[in-house]
Amino acid sequence: MNRTLLPLVEAEFVRYKLLGERALRQVRPEELHARTDDGNSVAIIVWHVAGNLESKFTDLLTTDGEKPWRDRDSEFEARDVSPAEVAGKWERGWRVLLGALAELTDDDLAAPITIRGVPFRVDEALLRSLAHLAYHVGQIVLLARAFRGDDWEYLSIPPGESEAYNSNPVLEKSSMYAENVERLEDES
């Protein structure tokens, strides 16, 4: 079972999962539903991310990535959900993604799949999904940072600490991020 590239891809997905979770921990329950202008709330973004992951990565190699049971439009409806429901929804989506990735080999990367009837290779779909997740995790981070203001706990190098970080760059690779994020949180 050849798995050289896939662990790197998995680590990058996990890096974004952890970034999102670190931002979500800074969001108060009442802020989960707050919207800026006509934008999406944190809860809406989580519902969309999870719906996307569940649809795209359920039976990845054998069925179209846009499942008939997915109701994408409903993911963008305002919802009044608890922090536990948000965390549960987030985790369900990621569990499907990471489970699918764990079963792939590097040989599967060139396999043909479809999303909405459009042909892709698995590697194309993974890159597309990673970019999509980065976009939405960035939205969550932006909202959480706006809610916290001066109380924001930085997820990367805080202002004025670049020189200290450069002497011990523990977050530069996806695998380093996953290995060090909990240790760094415990130290702060």
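Since the model is a prediction, treat every value here as computed from it, not as a measurement.

Student: Can you help me understand the pattern of salt bridges in this one?
Tutor: Two side chains of opposite charge can pair, provided their charged atoms sit close to one another. Per the counting criterion, the structure on display carries 12 salt bridges. For R28, the salt bridge identified is with E31, shortest N-O distance 3.6 Å. Overall, R28 belongs to the partly exposed group, its relative accessible area being 41%. Since its relative accessible area comes to 10%, E31 is described here as buried. K89 serves as the salt-bridge partner of E54, at 3.5 Å between the closest nitrogen and oxygen. Here E54, found in helix α2 (residues 42-57), pairs with K89, found in helix α3 (residues 83-103); they are 35 residues apart in sequence, far enough to count as distant. Like E54, the residue K89 is buried in the burial classification.

Student: Sorry if this is basic, but what is going on with the packing of aromatic side chains here?
Tutor: The relative placement of two aromatic rings is captured by the distance of their centres and the angle of their planes. This model, assessed by the stated rule, comprises 1 aromatic pair. Where W90 meets W94, the ring centres are 5.6 Å apart and the plane angle is 50°; that geometry is what we call tilted. Pair noted here: W90 and W94 are both in helix α3, with a separation of 4 residues, about one helical turn. Considered together, W90 and W94 belong to a single accessibility category, that of buried residues. The ring centre of Y16 lies 4.8 Å from the NZ or CZ of R15, which sits over that ring.

Student: Can you walk me through the pairing of strand β1 (residues 112-115) in this structure?
Tutor: Along a regular strand, successive side chains alternate from one face of the sheet to the other. Here β1 shows a clear split, with I113 and I115 buried on one side and none of P112 and T114 buried on the other. Sheet topology places β1 next to strand β2 (residues 118-121); 4 bridges connect them, and they run antiparallel. Bridge assignment links I113 to a residue of β2, and that residue is F120. Remark: 2 residues form the turn of the hairpin made by β1 and β2, two consecutive strands paired antiparallel; R116 in that turn has positive phi of roughly 55°.

What counts, and where the lines are drawn
- Residues numbered from 1 in each chain as written.
- Predicted model: local features only at pLDDT ≥ 70, side-chain atom pairs only at ≥ 80, totals over all residues.
- Heavy atoms only, no water.
- Salt bridge = Lys/Arg side-chain N within 4 Å of Asp/Glu carboxyl O.
- Buried < 20%, exposed > 50% of the residue type's maximum accessible area, 1.4 Å probe, protein only.
- Helix = DSSP H or I, 4+ residues; strand = E, 2+ residues; numbered from the N terminus.
- Phe/Tyr/Trp six-rings, centres within 6.5 Å; stacked < 30°, edge-to-face > 60°.
- Lys NZ or Arg CZ within 6 Å of the ring centre and 35° of its normal.
- Pairing = 2+ DSSP bridges.

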